[in-house]
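# Chains, contacts and geometry: an overview
Listed below, chain by chain, are the residues.
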Amino acid sequence: MKRYIVVFALLTCFCRADAAWYWPFGDDEESNEPRISELMEPASRLIDSASDFADDGKIDEAVAEYRKALAELERIEIENPQRAEKPEFATVRNKRAYIETSIDSLLLRQAQDNARAVAVTDTTELERKFSEERAAAKAERERKPKEASDRGEDASETARAAALTPEGRKEAIAMLAKDPKSRKARMMLAKDDLHSKRYENAKKTIAGLLAEKPNDSAALNLRALVEMAEGDTASAERTLTQLITSNPRVHYGYYNLARLILATRGAEGKDTARRYYETGRDYCGGPADKNLEESLK
């Protein structure tokens, strides 16, 4: 009986002790961890700064701040690996998704604004530039034959596509006879007509393709090339703008507009052309184009 009295007395003492003894949600170390909101303060400030830049129309600065915020969120996750797996870190993941979406939106807006602002007029310079590209491409083909894909490719790749051999043209026509809706066969014939300067035939074929799919990226790209070959740079600009706005993830639309600007505006258009190229690289994940990069230096 005395033993029970002693135990009861000890329990009473603990109950009357300072509240610091009571840790129902874990030990001292866990309770002293900073809150997620505290960890995210630097990133939140960067996001606010990016938003201010975006409101002022400073796209490059806004994107730079958003990318700093992404780096900050990554640091938080690296430094808190155990907590990063818990539901409490959902806020961090959601914030990352918001930033990535904001960057995409800003880059697209910049590309669309640039497209509307571009003014191309020097047809002679354009023709000279593309003639040089075609001559270089021909020399490369003779050194190492290469068949262009029927996917939508950039203008330099399309320009390098050799004219079909007579047998190749017959094969394309046979494909079309078998399947009048064959887009591959029609693209092959349109490219061949472009190469052989049968521009009206090429435009008629491309018009049919676009009637079926008004914003088809490959067909728009080929139409722009035909327009450039004819010297109608204003139409080529509008077509490439349509390509970019309707297919914002297709890199060659940005690359080709960059080429068009360089060919017609020279050194004065380098900054604008560079923005297009960098958007195609950063926003669309386009491959490096060494020739275009060299022209942009």
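Before any of the text, the structure's been laid out above.
Below: a short report on this structure.

What counts and what doesn't
- Residues numbered from 1 in each chain as written.
- Predicted model: local features only at pLDDT ≥ 70, side-chain atom pairs only at ≥ 80, totals over all residues.
- Heavy atoms only, no water.
- Helix = DSSP H or I, 4+ residues; strand = E, 2+ residues; numbered from the N terminus.
- Buried < 20%, exposed > 50% of the residue type's maximum accessible area, 1.4 Å probe, protein only.
- Contact = heavy atoms within 4.5 Å.
- Phe/Tyr/Trp six-rings, centres within 6.5 Å; stacked < 30°, edge-to-face > 60°.
- Salt bridge = Lys/Arg side-chain N within 4 Å of Asp/Glu carboxyl O.

### What about the overall build of the protein chain?
- When helices and strands are counted, the protein chain shows 17 helices and zero strands.
- Sorting the 297 residues of the protein chain into buried and exposed places 38% on the buried side.
- For the protein chain, long-range pairs separated by at least 24 residues make up 62% of all intrachain contacts whose partners lie at least 6 apart in sequence.

### Some thoughts on the side chain of T239
- As for its position among the elements, T239 is in helix α14 (residues 233-246).
- Assessed through its relative accessible area of 2%, T239 is described here as buried.
- In this structure T239 touches L220, R223, A224 and E227, once residues within four positions along its chain are discounted.

### Section: the packing of aromatic side chains
- Counted by the stated rule, this structure contains one aromatic pair.
- A ring pair is formed by Y255 and Y277, whose centres lie 4.9 Å apart and whose planes are at 50°; its orientation type is tilted. One end of the pair, Y255, is in helix α15 (residues 251-265); the other, Y277, is in helix α16 (residues 270-282), with 22 residues separating them in the sequence.
- With a relative accessible area of 1%, Y255 lands in the buried category.
- A relative accessible area of 4% means that Y277 is categorised as buried.

### A short note on the pattern of salt bridges
- For the structure on display, the rule yields 18 salt bridges.
- With its nearest N and O atoms 3.8 Å apart, the salt bridge here joins R45 to E41. Pair noted here: R45 and E41 are both in helix α4 (residues 41-55), with a separation of four residues, about one helical turn.
- With a relative accessible area of 42%, E41 lands in the partly exposed category.
- E200 is paired through a salt bridge with K203; the nearest N and O atoms lie 3.1 Å apart. Residue E200 and its partner K203 are both found in helix α12 (residues 199-212); the two are separated by three residues, about one turn of the helix.
- Overall, K203 belongs to the partly exposed group, its relative accessible area being 30%.
- Salt bridges sharing partners connect three or more residues here, namely K181, R183, R186, E212, K213 and D216.

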